[in-house]
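# Geometric and topological summary
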Amino acid sequence: MELSNDEIRRYSRHLILPEVGLAGQKKIRSTSVLCIGAGGLGSPIAMYLAAAGIGKLGIVDFDTVDFSNLQRQILHTDADVGRPKAQSAKETINGINPGVEVIVLNTRITSENALDIIRPYDIVVDGTDNFPTRYLTNDACVLLKKPNVYGSIFRFDGQASVFAPHLGGPCYRCLYPEPPPPGTVPSCAEGGVLGVLPGIIGTIQATEILKLVLGRGSSLIGRLLLFNALDMKFRELKLRRDPECPICGDHPTIKELIDYEQFCGIALGPARPALAPDEVTVQEVKRALDNPSLGIKVVDVREPDEYEIAHVEGVSLIPLGELANRFTELDPNQQLYILCKGGVRSLKALNFLRQQGFKYLKSVKGGITAWSEEIDSKVPRY
Ligand SMILES: [Zn+2]
């Protein structure tokens, strides 16, 4: 397999690096990488790997491009809103480098299909934004002995590592044996993320992939790199394989993929009940606001900044963080509907108030986002 004259020109800045050279560039071209997620992390990962001349790039993403993605997901443009992310990614990648074979996997990676999806690739890179997919990716990679190049981001913080027990390092479960209880760790949609942060962490992941391919430098295997953008500081933790790890330990108990939604305590998809007993719909909220005689009070537990972006008229604000000091402003015998952005924080507030003796509590399903979608589109979605 020789490089064409065009390839030699395209990759000349690589070829003159002794650490890459012609042999290294050929290795890059004969490598296949599976990128799980074509979002914030997947964007720089896929774009830089394509520019660097990776041979084959699989892109798994079941989602479509949303306006709120464009602040950081630079694979996609304004014109791509509403289109499948994996397809949009392919077009951007081939726009950068038509020589890259892009496999579009416009599907959700699950316990049923993960092994088949991952098996053909040399390296897997984790660009997911949720715990079930992260544990699924980890376990599938350990079982198939594929390096799993990990990154995650939240607000101004990011972390990255390379999990590869078959190369001597730990896996994600050695670091985090248990997922956090559902609802305790907000997602980027709930907590926000600085738009350039995935650019930094994803670029670190892409760098680690190229180093693995070239066999150069010291990789992040056995190290967790922590980054904070506000302080502009990197720190690093040493990681060791846990001999008791249920999947990569000395006596593994997990020998096949499990149900990761259940493992993470989340019921997603069509099985999710339409309305939990503690929830009300936004239609009920409208009825309560339109009919003060019902005596129902609606309380918003989001942050003041969020309230300023969007709020529902007639709803008072007590941010979740202040609730412990301010719940005495509320009447424990009044019916309360609690509102947040998407319906997660409101459940937390509900549980707190219940412990304080409040009796008539409901959390608004879907939060102000559902209000904007179903009741009043003039309230902006964020
Ligand atoms: Zn492990």
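Per chain, residue numbering runs from 1 following the sequence as it is written. For a predicted model such as this one, the threshold for reporting local features is a pLDDT of at least 70, and the threshold for listing and counting side-chain atom pairs is 80 or more; totals across whole chains, interfaces and linings nevertheless cover every residue. Computation of side-chain values: all heavy atoms of the structure, hydrogens and water removed.

## A word on the overall build of the protein chain
So the rule is basically this: Numbered from the N terminus, helices here are DSSP runs of H or I no shorter than four residues, and strands are runs of E no shorter than two. When we talk radius of gyration, it's over C-alpha atoms, and the globule rule is simply 2.2 Å times the number of residues to the 0.38. Throughout this description, buried means an accessible area under 20% of the type-specific maximum (1.4 Å probe, protein chains only), exposed means over 50%, and partly exposed covers the range between. Here a residue-residue contact requires only that any non-hydrogen atoms of the pair lie within 4.5 Å. For the accessible areas, the method is Shrake-Rupley and the probe is 1.4 Å, while residue cover comes only from the protein chains on display.
When you go through the protein chain residue by residue, the secondary structure sums to 16 helices and 13 strands. In summary, the protein chain has a C-alpha radius of gyration of 24 Å against a globular reference of 21 Å for 382 residues, a match within 12%. Projected onto its principal axes, the C-alpha positions of the protein chain cover 80 × 50 × 40 Å. Within the protein chain, the proportion of its 382 residues that are buried is 46%. For the protein chain, restricting intrachain contacts to residue pairs at least 6 apart in sequence, the fraction spanning at least 24 positions comes to 67%. For the protein chain, the accessible surface area stands at approximately 18,600 Å², while carbon and sulfur atoms represent 53% of it.

## Topic: the coordination of the zinc ion
Heads up, the rule is: For Na, K and Ca the donor cut-off is 3.2 Å, and for all other metals it is 2.8 Å, counting N, O and S atoms only; because water is absent from this set, sites may look incomplete. Irregular is the default label, applied whenever a site is not tetrahedral (four donors, all angles between 85 and 135 degrees) and neither square planar nor octahedral (four or six donors, opposite donors over 155 degrees apart, all other angles between 65 and 115).
In this structure, Cys171 (SG), Cys174 (SG), Cys245 (SG) and Cys248 (SG) serve as the protein donors to the zinc ion, at separations of 2.3 Å. Geometry at the zinc ion is tetrahedral, judged from its four donor atoms and the angles of 92 to 121° they form at the metal.

## Some details on the pattern of salt bridges
The line we're drawing: Salt bridge, as used here: a side-chain nitrogen of Lys or Arg that lies within 4 Å of a carboxyl oxygen of Asp or Glu.
Per the stated rule, a full pass over the model turns up 20 salt bridges. Taking the shortest distance from any N to any O, the salt bridge between Arg173 and Asp139 comes out at 2.6 Å. Within this pair, whereas Arg173 is found in helix α8 (residues 172-175), its partner Asp139 is found in helix α7 (residues 131-144), the two being separated by 34 residues in sequence. Summarising the burial analysis for this pair, Arg173 and Asp139 share the class buried. Note that Arg345 and Glu306 form a salt bridge whose closest N and O atoms lie 2.8 Å from each other. With Arg345 in helix α15 (residues 345-355) and Glu306 in helix α13 (residues 304-309), this pair connects stretches of sequence that are 39 residues apart. You'll find Arg345 and Glu306 in the same group, each marked buried.

## As for the sheet that holds strand β9 (residues 279-280)
Rules: Strand pairing is assigned whenever DSSP detects at least two bridges linking the two strands.
Here we have five strands laid out as an open sheet, ordered β9-β13-β12-β10-β11, and parallel in their pairing. Both edges of this open sheet fall to β9 and β11 (316-317), since each of them pairs with a single strand only.

## A few points about the sheet that holds strand β2 (residues 56-60)
Which entries qualify depends on this criterion: Think of each axis as a best-fit line through the C-alpha atoms, taken over the contacting stretch in the case of a helix, with angles from 0 to 180 degrees between the N-to-C directions.
Across the sheet, eight strands lie side by side as β3-β2-β1-β4-β5-β6-β7-β8; this open sheet has mixed pairing. In this open sheet, the two edge strands, each paired with only one partner strand, are β3 (101-105) and β8 (233-238). Across the sheet, the mean angle from the axis of one strand to that of its neighbour is 15°, orientation sign disregarded. One ladder, built from four bridges, connects strand β1 (residues 32-36) with strand β4 (residues 123-126); its direction is parallel. Within β4, the position partnered with Ile36 by the bridge is Asp126.

## As for the packing of aromatic side chains
To be explicit about the condition: Working definition: a ring pair exists when centres of Phe, Tyr or Trp rings (six-membered ring for Trp) sit within 6.5 Å. Plane angles under 30 degrees give stacked, over 60 give edge-to-face, the rest tilted.
Going through the model one piece at a time under the given rule, you end up with nine aromatic pairs. Between Tyr150 and Tyr172 the ring centres are 5.4 Å apart and the planes differ by 50°, which places this aromatic pair in the tilted class. You can see Tyr150 sitting in strand β5 (residues 148-154) and its partner Tyr172 sitting in helix α8, a full 22 residues away along the chain. On the accessibility criterion, Tyr172 (3% relative accessible area) is buried. Here Phe327 and Phe358 contribute two aromatic rings whose centre-to-centre distance is 6.4 Å and whose plane-to-plane angle is 70°, an arrangement assigned as edge-to-face. One end of the pair, Phe327, is in the loop between α14 (323-326) and β12 (335-339); the other, Phe358, is in the loop between α15 and β13 (361-364), and 31 residues separate them in sequence. On the basis of relative accessible area, Phe358 is assigned to the buried category, the value being 5%.

## Section: the packing of helix α4 (residues 42-52) against helix α5 (residues 85-96)
A pair of packed helices is captured by two measures, namely the crossing angle of their axes and the spacing between those axes. The line we're drawing: Comment on the angle field: the value is read as roughly parallel under 35 degrees, roughly antiparallel over 145, roughly perpendicular from 65 to 115, and oblique elsewhere. In a left-handed crossing the near helix is turned counterclockwise from the far helix by less than a right angle, and in a right-handed crossing that turn is clockwise. Residue type decides the class: Asp, Glu, Lys and Arg count as charged, Ala, Val, Leu, Ile, Met, Phe, Trp, Tyr, Cys and Pro as nonpolar, and the leftover types, Gly among them, as polar.
The interhelical angle for the contact between α4 and α5, taken along N-to-C directions, is 30°, at an axis separation of 8 Å. Viewed along their axes, α4 and α5 adopt a mutual orientation that is roughly parallel. With respect to the hand of their crossing, α4 and α5 are arranged in right-handed fashion. Residues Ala46, Met47, Ala50 and Ala51 of α4 pack against Thr92, Ile93 and Ile96 of α5. Residue composition of the contact of α4 with α5, by class: six nonpolar, one polar and no charged.

## Quick notes on the confidence of the model for the protein chain
Note the threshold: Values of pLDDT, the confidence the predictor places in each residue, fall between 0 and 100.
On average, the protein chain scores 94 in pLDDT, and the residues at 70 or more come to 98%. Counted against residues more than four places away or in other chains, residues 268-272, with its pLDDT under 50, gives two contacts.

## Some words on the pairing of β2
Put simply, the rule is: Seen with its strands pointing away from the viewer, a crossover is right-handed when the path leading from the first strand over the helix to the second is clockwise.
With four of its five residues buried, β2 lies for the most part within the structure. With five bridges joining them, β1 and β2 adopt parallel strand pairing. For Cys35, the partnering residue across the bridge sits in β2 and is Ile59. Where β2 and β3 come together, five bridges link them in parallel fashion. Bridge pairing in β3 links Val60 to Leu105. Remark: the β2/α5/β3 crossover connection has right-handed handedness.

## Brief notes about the side chain of Lys341
As for its placement among the helices and strands, Lys341 is situated in the loop between β12 and α15. When its relative accessible area of 9% is taken as the criterion, Lys341 is described as buried. Ignoring any residue separated from it by four or fewer positions in sequence, one finds Lys341 in contact with Ala189, Glu190, Arg302, Glu306, Gly366, Gly367, Ile368, Thr369 and Tyr382.

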